[in-house]
Amino acid sequence: MNRRSLIKNAGIAGVLAAGIAPAVHAQASVRWRLASSFPKSLDTIFGSTEMFAKTVKALSGGKFEVSVHAAGELMPAFGVVDALQNGTVEMAQTAPYYFTGKDSIFAFGCAVPFGLTARQMDSWMEHGNGRKLMDAFYAQYNIKSRSAGNTGTQMGGWYRKEIKGVADLKGLKMRLGGGLFGEAMQKLGVVAQNMPAGEVYQALEKGTLDAVEFVGPYDDEKLGFNKVAPFYYYPGWWEGGAELEFFINTKAYAALTPEFKAIVDAATAVAARDMTAKYDAVNPISLKRLVAAKTQLKPFPREIMDAGFKASMEVFAEHEAKSAEFKKIHQDMRAFQRDQLLWARFSEFRFDSYLTGVKL
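Rules used in this analysis
- Residue indices follow the written sequence of each chain, beginning from 1 at its first position.
- Under the rules for a predicted model, residues below a pLDDT of 70 receive no local features and side-chain atom pairs below 80 are neither given nor counted, while totals for whole chains, interfaces and linings still include all residues.
- With hydrogens and water set aside, each side-chain value is computed from the structure's full complement of heavy atoms.
- Elements are defined by DSSP. Helices are runs of H or I of four residues or more, strands are runs of E of two residues or more, and each kind is numbered from the N terminus.
- We take the radius of gyration over the C-alpha atoms and set the globule estimate at 2.2 Å times the residue count to the 0.38 power.
- Exposure is judged per residue with a 1.4 Å probe applied to protein chains only, and the accessible area is read against the type maximum: over 50% gives exposed, under 20% gives buried, and values in between give partly exposed.
- Residues are treated as being in contact if the distance between any of their heavy atoms lies within 4.5 Å.
- All accessible-area figures derive from a Shrake-Rupley calculation using a 1.4 Å probe, and residue coverage is judged against the displayed protein chains alone.
- Charged residues are defined narrowly, with Lys and Arg counted positive, Asp and Glu counted negative, and His plus the chain ends left uncounted.
- In plain terms, the charge of a residue is placed at NZ if it is Lys, CZ if Arg, CG if Asp and CD if Glu.
- The aromatic pairing rule takes the rings of Phe, Tyr and Trp, using the six-membered ring of Trp, and pairs them if the centres are within 6.5 Å, calling planes under 30 degrees apart stacked, those over 60 edge-to-face and the rest tilted.
- Whether a charge sits over a ring depends on NZ of Lys or CZ of Arg being within 6 Å of the ring centre and within 35 degrees of the ring normal.
- Buried Ala, Val, Leu, Ile, Met, Phe, Trp, Tyr and Cys residues that are joined via side-chain atoms within 4.5 Å together make up what is termed a nonpolar core.
- At least two bridges found by DSSP between two strands are what make those strands a pair.
- Axes here mean lines fitted to C-alpha atoms, for a helix over just the part in contact, with angles spanning 0 to 180 degrees between N-to-C directions.
- The term salt bridge refers to a pairing of a side-chain nitrogen on Lys or Arg with a carboxyl oxygen on Asp or Glu at a separation within 4 Å.
- By definition here, a helix of n residues has an expected span of 1.5 Å times n minus one.
- Patches here: salt-bridge-free residues with over 30% relative accessible area, like charges joined within 9 Å, nonpolar side chains (Val, Leu, Ile, Met, Phe, Trp, Tyr) joined within 5 Å.

Peer 1: Please explain the overall build of the protein chain as it appears in this structure.
Peer 2: If you tally the helices and strands in the protein chain, you get 13 helices and eleven strands. Taking 360 residues into account, the globule formula puts the C-alpha radius of gyration at 21 Å, and the protein chain, at 21 Å, falls close to it. Here the C-alpha coordinates of the protein chain stretch approximately 65 × 50 × 45 Å along the principal axes. Looking at the protein chain residue by residue over its 360 residues, the buried ones come to 51%. For the protein chain, contacts bridging at least 24 residues in sequence account for 77% of all contacts bridging at least 6. Carbon and sulfur atoms form 55% of the exposed surface of the protein chain, whose accessible area is close to 16300 Å². Of note, the protein chain has its 43 positive side-chain charges centred 3 Å away from the centre of its 37 negative side-chain charges.

Structure below.
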């Protein structure tokens, strides 16, 4: 049986279990470095890099190794795109919307206000036009992309005071992940600030920040936000499904053999699925602990949701007027989203709505 037939019939898991890495043994060894924008303490997100490196090594029989580096080890958290562009590292793992200061289009590689859920994002990227459109944009930065996993719909963040209406947002100093959400929140009076996750707790504790949004219960609990901000709001309407991405230097990828390219592609898929599945497993457990520890869990009032939607649509219109490429990608995403929402009405939405109203 030849190598391709073996992989087709046994699957990646079977190949790994059998310890088989055909053909790659004859190839020269490859060593890459991967820089993350996240600290090791966030084992869900940073764990995606570790799963990727582990899978690459196993599939290549040790011929291809990737060393992974947390934020700050090789470069600052927000320095990874520049490092990829100049070839300092071969790969990065990050949230693309951190780089909207370079171009607002980066946001579509991660999350935009009232955007796609995790499943919808995966579908748009891999079976819609998403990956094709984003990689065409990333090419100017010497980058190609692969999913590193998705957080799912995020929470609306931690607040030192109760948020009863839009008036309570005015003048609020809030750490925001980046992207177009910050612009929408600024329209509502929020003083938006972007900073790495590792710096947020101290700023919130000292009152330099009034509020922070990060991801969800598991990561937020690890970062200790509940100790310094009692009010926890939902949903994070700006991140219906935040995609983390593996960015790969295009020249480094092009230099790989076909076998090693296939290994990189397979390993990113394994890592991405693992991250999303882990978040779904650990978030409800952490949420129960947070509530037991007196966290005040509250939904955003409809007034804030409506104001956020209006502000977000204004932001999109402003960017569309300035950039034909932005408009092309945004309109493609929205057309895809409309079909997804239509299908969800008859499938998961109705199913989940029923189950949340009955006793299991």
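Peer 1: Can you walk me through the packing of aromatic side chains in this structure?
Peer 2: Pairs of aromatic rings are described using the distance from one ring centre to the other and the angle between the two planes. Counted by the stated rule, this structure contains 26 aromatic pairs. Where Y98 meets F99, the ring centres are 6.4 Å apart and the plane angle is 70°; that geometry is what we call edge-to-face. Looking at F99, the relative accessible area reads 4%, which means it is buried. What links up through ring pairs into an aromatic cluster is the set F38, F78, Y97, Y98, F99, F106, F137, Y138, Y141 and F247. One residue, K144, lies across the ring of Y253, its end atom 4.9 Å from the ring centre. We note R334 situated over the ring of F316; from NZ or CZ to the ring centre the distance is 4.8 Å.

Peer 1: Quick question: what am I supposed to make of the environment of F52 here?
Peer 2: Structurally, F52 can be placed in helix α2 (residues 45-59). Overall, F52 belongs to the buried group, its relative accessible area being 0%. Between the C-alpha atom of F52 and that of A269, which follows or precedes it by 217 residues, the distance is 8.4 Å. Discounting residues that sit within four places of it in the chain, F52 has contacts with L34, V66, M91, F246, V264, A267, T268 and A271.

Peer 1: I would appreciate a short explanation of the nonpolar core in the present structure.
Peer 2: Side chains of nonpolar character tend, in soluble globular proteins, to be buried together. Judged by nonpolar contacts, the single largest core of 106 residues is most densely connected at W32, F52, F64, W124, Y159 and W237. Counting residues per element, this core draws most heavily on helix α10 (residues 258-292), which supplies nine residues. If near-sequence neighbours (up to four positions away) are discounted, W237 is found in contact with P113, F114, F181, M185, F300, I304, M305, G308 and S312.

Peer 1: Explain the pairing of strand β2 (residues 64-69) here, please?
Peer 2: Strand residues, when the strand is regular, have side chains that alternate between the two faces of the sheet. Sheet topology places strand β1 (residues 30-36) next to β2; six bridges connect them, and they run parallel. Note that in β2 the partner of A35 across the bridge is H69.

Peer 1: Help me out: how do you make sense of unusual backbone geometry in this one?
Peer 2: As a rule of thumb, non-glycine residues mostly have phi less than zero, and peptide bonds are mostly trans rather than cis. Residues Y234 and P235 are joined by a peptide bond in cis, for which omega reads -5°. Of note in the backbone geometry, N142 takes a positive phi value of approximately 60° without being a glycine. You can see N142 is positioned in the loop between α5 (130-138) and β4 (143-150). You can call N142 partly exposed: its relative accessible area is 28%. In this structure, K294 takes a positive phi of about 80° despite not being glycine. Here K294 shows up in the loop between α10 and β11 (296-299).

Peer 1: I tried to follow the sheet that holds strand β10 (residues 243-249) on my own but got confused; where do I start?
Peer 2: Hydrogen bonds between backbone atoms are what pair the strands of a sheet, whose relative direction is either parallel or antiparallel. Spatially, the five strands line up as an open sheet ordered β2-β1-β3-β10-β4, and their pairing is mixed. Each having just a single partner strand, β2 and β4 make up the two edges of the open sheet. Sheet twist, expressed as the mean angle between neighbouring strand axes with direction ignored, is 25°. As paired elements, β4 and β10 share seven bridges and run antiparallel to each other. Counted as the bridge partner of S145 is F247 from β10.

Peer 1: Would you explain the pattern of salt bridges in this entry?
Peer 2: Any two side chains of opposite charge can pair if their charged atoms end up close together. By the definition in use, this model includes 19 salt bridges. Two residues, E243 and R131, come together in a salt bridge whose shortest N-O distance is 3.8 Å. Remark: R131 occurs in helix α5 and E243 occurs in strand β10; sequence separation between them is 112 residues. For R131, a relative accessible area of 9% gives the class buried. Among the ionic contacts, a cluster of salt bridges with common partners joins E126, R131, E243 and E245.

Peer 1: Mind showing me how you'd approach the sheet that holds strand β7 (residues 191-193) here?
Peer 2: Sheet architecture is open: six strands sit in the order β7-β6-β8-β5-β9-β11, paired in mixed fashion. Looking at the sheet topology across the chains shown, the edges are occupied by β7 and β11.

Peer 1: In this structure, what is going on with helix α11 (residues 302-322)? I would like to understand it.
Peer 2: For α11, which comprises 21 residues, the first-to-last C-alpha distance of 31 Å matches the rise-based estimate of 30 Å (1.5 Å per residue) to within 8%. Taken residue by residue, α11 has I304, M305, A307, G308, A311, S312, V315, F316, H319 and E320 as its buried positions. Residues of α11 that are buried sit in contact with α6 (180-187) and α12 (324-346).

Peer 1: Would you explain a nonpolar patch on the surface in this entry?
Peer 2: Together, Y234, V291 and L297 line one region of the surface with nonpolar side chains, adding up to about 220 Å² of accessible area. For Y234, the location among the structural elements is in strand β9 (residues 231-234).

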